[in-house]
Each structure stands twice: as C-alpha cells, then as structure tokens.
Amino acid sequence: MDCVFCAIINGEIPSSKVYEDDTIVAFKDLSPQAPVHILVIPKQHIKWGYDVTPENSAVVAHIFETIPKIAKEQGLDNGYRVVNNCGESAGQSVLHLHFHLLGGRDFTWPPG
Ligand code: AMP
Ligand code: ZN
C-alpha cells in the first residue's frame, strides 16, 4: 500500500516524532500551520473518519486521551485545536486517519 503515514510508522521515511507507543504515533507536520502543529495517527491503517467503527474506535479514544499530554508537553497551556479533515470537501490530503494538534496562536471560528 502506498501510504506516506504507514511509511513513517515503518521508519521508511523520516519524521520528527514527539510521542509513540504500541498503537499510535505523533510527529511534527511538515508544513506547520501554527507554532505547534503535530499529527497524531493510529499505527493501524484506517483510511479516514468514515471508517471509524466500534471495532477500531478504542485507538481513537486513546488518541484523544494522549492529546492533552502532548499538548502539555508542548507548552500549550492557553488552549489548542484538534482537527480531523475527512474526505474531499474537508481537504483531506493523506488517506490515513490523522488528527491535527494545533496551538501556540489564536484561531478563528468558524474555520475557513
Ligand atoms: P490533511 O490535509 O488533513 O490530510 O493533512 C495531511 C497533513 O500531512 C498536511 O498538513 C501535510 O503537511 C502533512 N504531511 C504530509 N506528508 C508529511 C510528512 N512526510 N511528514 C509530516 N507531515 C506530512
Ligand atoms: Zn497508512
């Protein structure tokens, strides 16, 4: 399978990892949109949000349990934003489920 995030998980292409355990990994986004911009992904290849099910959602819960720890480590004491782009309209460009952890600046609402 030709998946850039699976290649990062397998160590085939480099990344700046900030967190890793048995089921998830977090690394810096190559094209940061905020002073802190980290991608948190399951090691299991799940294509996108549409494919989250009762069978695999434990890893999504684990991601959301881990994000606050990463945010604190990154010094995001004044809040942060978590984004999941799912599908074409949302602008998903990598078809491996990922959550953007963004912080270090103020964000507008609604998003663009
Ligand atoms: P999305 O547009 O929501 O699918 O987000 C994909 C993100 O992956 C973008 O913010 C890219 O900058 C980022 N990205 C793509 N390739 C890499 C890579 N090799 N290492 C780190 N981030 C990447
Ligand atoms: Zn993948």
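Our structure's up above, just so we're on the same page.
Predicted model only: the values in this text are computed from it and were never measured.

(A) Region of interest: the overall build of the protein. A tally of regular secondary structure across the protein gives two helices and five strands. Overall, the protein shows an N-to-C arrangement of helices and strands of α-β-β-β-α-β-β. C-alpha extents for the protein along the principal axes are approximately 35 × 30 × 25 Å. Buried residues in the protein amount to 38% of all 112 residues. Of the contacts made within the protein by residues no fewer than 6 positions apart, 56% connect residues no fewer than 24 positions apart. Surface accessibility of the protein: about 6,800 Å² in total, with carbon and sulfur atoms responsible for 51%. One way to put it: in the protein the 8 positive side-chain charges average out to a point 5 Å from where the 13 negative ones average out.

(B) Structural context of unusual backbone geometry. In this structure, the amide linkage connecting Trp109 to the following residue, Pro110, adopts the cis form with an omega of 0°. Tracing the sequence through the fold places Pro110 in the segment after β5 (99-103).

(C) Broad picture of the pattern of salt bridges. In the structure shown here, the tally under the stated rule is two salt bridges. Ionic pairing is found between Lys17 and Glu20, a salt bridge with its closest N-O pair at 3.6 Å. In this structure Lys17 comes out as partly exposed when scored by relative accessible area, which is 36%. Taking the shortest distance from any N to any O, the salt bridge between Lys43 and Glu20 comes out at 2.9 Å. With Lys43 in the loop between β3 (36-42) and α2 (57-73) and Glu20 in strand β1 (residues 17-20), this residue pair connects regions lying 23 residues apart in the sequence. The class for Lys43 is partly exposed, based on a relative accessible area of 26%. Taking the relative accessible area as the measure of exposure, Glu20 reaches 40% and is therefore partly exposed.

Conventions and cut-offs
Residues numbered from 1 in each chain as written. Chains lettered and ligands numbered in written order. Predicted model: local features only at pLDDT ≥ 70, side-chain atom pairs only at ≥ 80, totals over all residues. Heavy atoms only, no water. Helix = DSSP H or I, 4+ residues; strand = E, 2+ residues; numbered from the N terminus. Buried < 20%, exposed > 50% of the residue type's maximum accessible area, 1.4 Å probe, protein only. Contact = heavy atoms within 4.5 Å. Areas by Shrake-Rupley, 256 points an atom, 1.4 Å probe, with all protein chains shown as cover. Lys, Arg positive; Asp, Glu negative; His and termini not counted. Charge placed at Lys NZ, Arg CZ, Asp CG, Glu CD. Salt bridge = Lys/Arg side-chain N within 4 Å of Asp/Glu carboxyl O.

Everything listed here is a matter of geometry and, on its own, says nothing about what the molecule does.
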